[in-house]
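For reference, the chains in residue letters:
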Amino acid sequence: MKITLKDGSVKEYSQPMSVADIAKDISEGLLRVACAAELDGETVDLRTMVDGEHTLNILTFDSDAGKAAYRHTASHVLAQAVKRLYPEAKCAIGPAIEDGFYYDFDMEPLDREALDAIEKEIKKVVKEGAVLERFTLPRQEAIELMKKREEPYKVELIEDLPEDAEISFYQQGEFIDLCAGPHLMSTKPLKAIKLISSSGAYWRGSEKNKMLTRIYGTAYTKKADLDAYLEHLEDIKKRDHNKLGRELELFTTVDVIGQGLPLLMPKGVQVIQTLQRWIEDEEEKRGYMRTKTPLMAKSDLYKISGHWDHYKDGMFVLGDEEKDKEVFALRPMTCPFQYYVYKASQKSYRDLPCRYGETSTLFRNEDSGEMHGLTRVRQFTISEGHLIVRPDQMVKEFKDCIALAQYCLQTLGVEEDVTYHLSRWDPENPDKYEGEPEVWEETEASIRRVLQELNIPFVEDVGEAAFYGPKVDINARNVYGKEDTMITIQWDALLAERFDMYYIDENGEKTRPYIIHRTSMGCYERTLAWLIEKYAGAFPTWLSPEQVRVLPISEKYLDYAEKVEAELKKNGIRCTVDTRSEKIGYKIREARLKKVPYMLVVGQKEKEDGVVSVRSRFLGDEGQKELAGFIDDICREIRTKEIRKTEVEENKA
C-alpha cells in the first residue's frame, strides 16, 4: 500500500490500515489532534480502512472539514445529554454549521436555565470519554432499529433513502444516531462546548410540518478560543439591527399590522430619504429617466411576463380566477410595467440605450420563517432599473451597471464586505426557466467574461438565476453570518420577445433589444439594516438622521442655542436642541448613546464670544470653534460623504 501525504512524502505499508493508524504512524501527536481526513480529495472518517495507492491529508481543527467533524461529534454529545435529561424527546437532525452546530428535537421549548442544565450533562458525557463506534445496517433493519428506539424522525429520513441503501450509524455509550459521519474517535478530545441559544424550527424547514426545538451550540479545542467567540457574539448582539434599530428609533414592528411589514419611524425615514435622493440624483447624472408605475396589475400582465407560471406562489393575489372577472396581484417587480413605458412609442436604434429608473415599492409573499427584521420583509422599496439596449451595447451597459453598484458600495463604505456571484440556471431542472440551453450558455459566458475583464473575483451558483436570465448577485453577510443579496444585475435576452419589444435598426428592420434588470443599491430597508450593523448605529455624518445636537449648559443659554440651531438648519444641517433641565454631562452621554456625530455645547463664554464648543463622536473634545467655521467643516464632510473613524476606531488604529 502506497500513501502520498500532503507534503509530498510517501508512506508504504504491507497491509490495509485505518486512517487513524496511519496518522499514529506519522506521529502520536498528530493522531491526538486529528479530526478527520481527506482521502483522494474526499472527506472521510478516521476509521476508514485504506488499501492501494492514495493521497491522504490528515485534518485537524484548523481546517474547515476538521472543525465540522469535531463539532458534529459535539452535536451527538448534545443529543445524548438531552436524551438523558428528557427521555421522551425525539431526535431530528444535528449537523455542524459554520460557527458551531445545532440539533433539532421534538420536545418542549427550553429556557436558559434548561440549557445550562444540559451543558452540565454534556460535561459528564465528555468526561466518560466514550468511543464512537460506526456500524451499518440494511435499510429495513435500520428502520426497525429506529422504530424500536422510538425515533420517528430518523425513520422518516431512512424511508426517503433508496431501497438498496446501506445505512450508517454511530454509537457512543447508550446513544445511537443515524449519521453519515465523519466523527472523532471518541468524545474525549472535546474541550470547550457552549450552548448558545434555543429557538423553534420547522421539521425539514417547512411551515406545514411540526415546530421543533432547535438548540444551537459551538465547540472549540481551547477555552480561550471559545471565550473569544463568545465575546464576538456579544458584539453581534450590540450590532444586531433588530435590537439597535429599535433603540435608536429607526423602525418598529407591530403584531396587528403583520409580520414582515415594519414601520419606519421618522429617523429611519430620514436615513432612507437621504439614500433615495442620492441614488436618484446619481442615476439622473448617468442618463436614467424616471418612471412611476402602479403597485398592482391584472394577472394578464404577469402571464405575459411568465411570473404567473414561475412566481405566483411568491405573489399577493387579489381575487380568484374561478370566481372573479378580473384578478389582480401586487407587483413583485417593476420590469413589465416599464416595458410598456418603452412600448408607448416607436424607438429607433438611435434612441437606445433607454435607461429607466424607478424607486419601486414591491410586495413578495415570503414564508413566515424566512422573515427577519428589515432584511427579509413582505413590502419593500428598491432602486430598480431596466435598460433596453441594442445587442452591441449590452456589454458596455452591463459594465456600467456594475460600476454604478461599485460606486454606491464605495460611498457607503461597504465595498470590502461583499462577494460577487454569477447566478446560473440549473440545466438539471430546465422547467424552472424560459429559453433554450444555448441562450443560457451564451449569456452566462458573456457575464463570466465581463467579470473576468473587470478583474472581479466571483463564485458561480448553479440554480440561482432568475427564470428569464442569469445575473450577477452582490452579496453581504449580516452580523449572524447569513448571506443576503444586496444588489442584482441581470442579463435578459428573452423577455423582449414575450412583450413584442423592438426597435427599428439602421436598415429599417424591426429588431429585438436586450434588457438589463438591475438595482444600483438594492432594497432600501435591507440596506438600512446592513448599515446599522456595519456602523453599530453610528452612521456617517451625511446619513445620520440627527447630525448635530446643540447642548445648552442651562436654560439661560437656550436663546443662543436656538440661534445656533437656526443657523445650522439654514445650511441644511439636521439638528436639534436639548432643552431639558439636565446636567451637561448627562446630555452629552445621551447624545453619544443616540450616536449623534456632533454635539455643540453652549454656555456663557460661547454666547459672549459667538462660538461653540465642539464634541464629536470621532475625536471627543475638539475645543471651541467659530460657528461659521464649524458649519463649513461639517457641510464639506456631508457634501463629500466622508466616512470618519470613531474615537474607538482611532484608538485601535
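You'll find the structure just up there.
Given the structure is predicted, the values throughout are model-derived calculations rather than measurements.

Engineer: How would you explain the environment of leucine 387 if you had to name every residue and give the values?
Structural biologist: Positionally, leucine 387 belongs in strand S23 (residues 379–389). It is 10.0 Å that separates the C-alpha atoms of leucine 387 and tyrosine 342, two residues lying 45 residues apart in sequence. Discounting residues that sit within four places of it in the chain, leucine 387 has contacts with Tyr288, Cys354, Arg355, Glu397, Cys401, Tyr514, Ile515, Ile516 and Arg518.

Engineer: Before we move on, can you summarise the pattern of salt bridges with the specific residues and values?
Structural biologist: All told, the structure shown has 54 salt bridges when counted by the stated rule. Glutamate 453 serves as the salt-bridge partner of lysine 399, at 2.7 Å between the closest nitrogen and oxygen. Taken as a pair, lysine 399 in helix H13 (residues 394–412) and glutamate 453 in helix H14 (residues 437–453) lie far apart in primary sequence, 54 residues in all. For aspartate 417, the salt bridge is made with lysine 534, and the minimal N-O distance between the two is 2.9 Å. Taken as a pair, aspartate 417 in the loop between H13 and strand S24 (418–424) and lysine 534 in helix H16 (residues 524–535) lie far apart in primary sequence, 117 residues in all.

Engineer: Go over a nonpolar patch on the surface with me, naming the residues and quoting the values.
Structural biologist: Among the surface-exposed residues, Val256, Ile257 and Leu263 lie close enough to one another that they form a single nonpolar patch of about 290 Å² accessible area. Looking at the element boundaries, isoleucine 257 is found in the loop between strand S16 (251–252) and strand S17 (263–264). On the basis of relative accessibility, which here comes to 42%, the residue isoleucine 257 falls in the partly exposed class.

Engineer: Can you explain H16? Please cite residues and give values.
Structural biologist: Taking 1.5 Å of rise per residue, 12 residues should cover 16 Å, and H16 covers 16 Å from first to last C-alpha, within 8% of that figure. Taking burial as the measure, the 12 residues of H16 include 11 buried ones, the bulk of the element. Burial in H16 covers these residues: Tyr524, Glu525, Arg526, Thr527, Leu528, Ala529, Trp530, Leu531, Ile532, Glu533 and Tyr535. Just past H16, the residue alanine 536 takes up positive phi, approximately 50 degrees.

Engineer: Before we move on, can you summarise the sheet that holds strand S22 (residues 354–363) with the specific residues and values?
Structural biologist: What the eight strands build is an open sheet, ordered S18-S22-S23-S30-S27-S26-S24-S25; its pairing is mixed. Each edge of the open sheet carries a strand with a single partner, namely strand S18 (289–290) and strand S25 (458–462). Relative to strand S30 (residues 514–523), strand S27 (residues 483–492) runs antiparallel, the two sharing four bridges. Looking at the pairing, tryptophan 491 lines up with isoleucine 516 of S30. On the sheet, H13 packs against S22, S23, S24, strand S26 (471–477), S27 and S30 and is oriented at approximately 0 degrees with respect to S30.

Engineer: Residue-level account of the pairing of S22, with values.
Structural biologist: Buried residues dominate S22, accounting for nine of its 10 residues. Where S18 meets S22, two bridges bridge the pair, whose relative direction is parallel. If you follow methionine 289 over to S22, its bridge partner there is tyrosine 356.

Engineer: Please provide a residue-by-residue account of the packing of aromatic side chains, values included.
Structural biologist: Tallied over the full model, the rule gives 19 aromatic pairs. Relative to tryptophan 542, the ring of tryptophan 278 has its centre 5.3 Å away and its plane inclined at 75 degrees; by these criteria the two rings are edge-to-face. A residue pair is termed long-range when its members are at least 10 positions apart, and tryptophan 278 in helix H9 (residues 266–285) and tryptophan 542 in the loop between H16 and strand S31 (548–552) qualify at 264 residues. When its relative accessible area of 7% is taken as the criterion, tryptophan 278 is described as buried. Clustering of aromatic rings is evident, with ring pairs tying together Phe61, Tyr70, Tyr220 and Tyr229. Taking the ring centre of tyrosine 407 as reference, the NZ or CZ of arginine 286 above it sits at 5.3 Å. It is lysine 347 that lies over the ring of tyrosine 342; its NZ or CZ is 4.7 Å from the centre.

How each quantity is defined
- Residues numbered from 1 in each chain as written.
- Predicted model: local features only at pLDDT ≥ 70, side-chain atom pairs only at ≥ 80, totals over all residues.
- Heavy atoms only, no water.
- Helix = DSSP H or I, 4+ residues; strand = E, 2+ residues; numbered from the N terminus.
- Contact = heavy atoms within 4.5 Å.
- Salt bridge = Lys/Arg side-chain N within 4 Å of Asp/Glu carboxyl O.
- Patch = residues over 30% accessible without salt bridge, like charges linked within 9 Å, V, L, I, M, F, W, Y side chains within 5 Å.
- Areas by Shrake-Rupley, 256 points an atom, 1.4 Å probe, with all protein chains shown as cover.
- Buried < 20%, exposed > 50% of the residue type's maximum accessible area, 1.4 Å probe, protein only.
- Expected span 1.5 Å × (residues − 1).
- Pairing = 2+ DSSP bridges.
- Axes fitted to C-alpha atoms, helices over the stretch in contact; angles between N-to-C directions.
- Phe/Tyr/Trp six-rings, centres within 6.5 Å; stacked < 30°, edge-to-face > 60°.
- Lys NZ or Arg CZ within 6 Å of the ring centre and 35° of its normal.

Structural measurements only, silent on function.
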